Amino acid sequence: MVFDRSDRPRLPTAIKILIAGGFGAGKTTLVGAVSETRPLRTEEVLTDRGVGVDDLSSVEAKRTTTVAMDFGRITLGDEYVLYLFGTPGQERFWFVWDELAEGSLGAVILADTRRLADCFPSVDYFERRGTPFVVAVNCFDGAPTFEVDEVRLALQLDTSVPIILCDARRRHSSREVLITLVKHSARLRAEPVG
Amino acid sequence: MTEEHWVDPEIIRPYVVTRGRTAPVHGRFDLISMAVSVGPPPGPEAGLDPEHHSILRLCREPKSVAEIAAHLDLPAGTIRVLLGDLFDRELVSAQEPQSEVDMRDMKMYRAVLDGLRSL
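Structure report, in brief.

Thresholds applied
- Per-chain numbering applies: the sequence of each chain, read as written, is numbered from 1 onward.
- Both sets of labels track the order of writing: A upward for chains, 1 upward for ligands.
- A pLDDT threshold of at least 70 governs which residues receive local features in this predicted model, and a stricter bar of 80 or more applies before side-chain atom pairs are shown or counted, although totals over entire chains, interfaces and linings include all residues.
- For every element, the axis is a line fit to its C-alpha atoms; helices are fit only across the contacting stretch, and the angle between N-to-C directions ranges from 0 to 180 degrees.
- Helix and strand definitions here come from DSSP, where helices need a minimum of 4 consecutive H or I residues and strands a minimum of 2 consecutive E residues; each element is numbered from the N-terminal end.
- Should an angle fall under 35 degrees it is called roughly parallel, over 145 degrees roughly antiparallel, and 65 to 115 degrees roughly perpendicular, with every other angle called oblique.
- Crossings are sorted by hand: turned counterclockwise from the far helix by less than a right angle, the near helix makes the crossing left-handed, and turned clockwise it makes it right-handed.
- We call two residues in contact when their backbone-placed C-beta atoms lie within 7 Å.
- Any two strands are treated as partners once DSSP identifies two or more bridges connecting them.
- Exposed residues have 12 or fewer other C-beta atoms within 10 Å of their own C-beta, buried residues have 20 or more, and partly exposed residues fall in between, where C-beta atoms are placed from the backbone.
- When buried Ala, Val, Leu, Ile, Met, Phe, Trp, Tyr and Cys residues are joined through C-beta atoms within 7 Å, the set is termed a nonpolar core.

## Describing the packing of helix H2 (residues 50-58) of chain B against helix H3 (residues 65-72) of chain B
Residues and elements named next belong to chain B. Direction vectors running N to C along H2 and H3 enclose 120°, while the axes themselves pass 11 Å from each other. The pairing of H2 with H3 is recorded here as oblique in orientation. Considering how the two elements wind past one another, H2 and H3 form a crossing that is right-handed. Along its contact with H2, which presents Glu51, Ser54, Ile55 and Leu58, the element H3 presents Ile68, His71 and Leu72.

## With respect to the environment of A:Asp118
The topology assignment puts A:Asp118 in the loop between strand E5 (106-112) and helix H3 (120-129). Each C-alpha atom of the pair A:Asp118 and A:Phe23 lies 7.9 Å from the other, and the pair is 95 residues apart in sequence.

## Brief notes about the sheet that holds strand E1 (residues 34-37) of chain B
Residues and elements named next belong to chain B. Taken together, three strands build an open sheet; the order of strands is E2-E1-E3 and the sheet is antiparallel. Strands at the two margins of the open sheet, each flanked by one partner only, are strand E2 (63-64) and strand E3 (92-95). Pairing of E1 with E3, which is carried by four bridges, proceeds in the antiparallel orientation. Paired with Ser37 across the bridge in E3 is Val92.

## Quick look at the pairing of strand E1 (residues 13-21) of chain A
All names here are of chain A. Most of E1 is tucked away, with nine of its nine residues classed as buried. The two faces of E1 match: Thr13, Ile15, Ile17, Ile19 and Gly21 on one face and Ala14, Lys16, Leu18 and Ala20 on the other face are all buried. Alignment of E1 against strand E4 (residues 80-86), held across seven bridges, turns out to be parallel. From the neighbouring strand, Leu18 faces E4, where its bridge partner is Phe85. In the sheet, E1 pairs with E5 via five bridges, with the strands oriented parallel. If you follow Ile19 over to E5, its bridge partner there is Val108.

## Some points on the nonpolar core
Counting residues in each nonpolar core, the largest one holds 80 residues, and the members touching the most others are A:Ile17, A:Ile19, A:Val108, A:Val135, B:Val65 and B:Leu83. The leading source of residues in this core is helix H4 (residues 76-88) of chain B, at seven residues. Not counting residues within four places of it along the chain, the set of residues in contact with A:Ile17 comprises A:Leu82, A:Leu84, A:Ser104, A:Leu105, A:Gly106, A:Ala107, A:Val108, A:Leu178 and A:Leu181.

## Points about the environment of A:Thr87
All names here are of chain A. Mapping Thr87 onto the fold places it in the loop between E4 and helix H2 (94-101). Exposure remark for Thr87: the 23 C-beta atoms within 10 Å place this residue in the buried category. Once residues within four sequence positions are removed from consideration, Thr87 is found in contact with Leu18, Ile19, Ala20, Trp97 and Leu100.

Okay, here's the thing in structure tokens:
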């Protein structure tokens, strides 16, 4: 639905990319490394009806819960604004992921090689949803080093899913991750680009 | 004050600001719906709340719902309601993103790639 008024200045078109991965995988670090400002935080207040039945049963008095999401902005000329959203870590917030994933360009799943299994829920989610995604292996100091093929095997990823090694603290490296995702998404949804 | 009567003001504030409303009068604002203020800032006769004025000041440059929420330290749902009020009074121009972005549009991918490469 567009409810812009024709005599008003044109608004830039907003595009979003999701940054997923386990707790401590470096989601907010990556968002901060490429965004034009420090990561911002937005909150959705949810009533207990919207949340999985298991989580609030032991806290009788609590009727609302808050989901926080860190995000960043990259202005791309006059026409587009790109938003990077770190997905909330807890799996009981899947329905927040649904809102985030709707209309998104795609997702980056950040993998921490010390806890590769933390990626499984994200991989499952985006595969099921048909959202284009890439896996970015965040190479922490002292973390075990893996070959891309080993990560692919461990996560049972199709050969068509790009896997890249990155350092989420570095702007250049995080930018390359985003470029890989945009090309991948374009390949799947539009025509190939150079 | 006993513990059972104590309510976190952070939980209450969003509802006070919207006077208990949870859905905007106009539009379905996504987290990345963009809004921009239009026209001169309204005076006191407009009967707006301080938060409405804060949004109008913030949106002199286009901002998303998520950004407005972050800067005003209010939940996104509260911002949606307040933006609906402002849109209803023609004080902001806003657009939903989903119908705007065609994910098959090669032009969009090229613009995003060019923008990222020039970072």
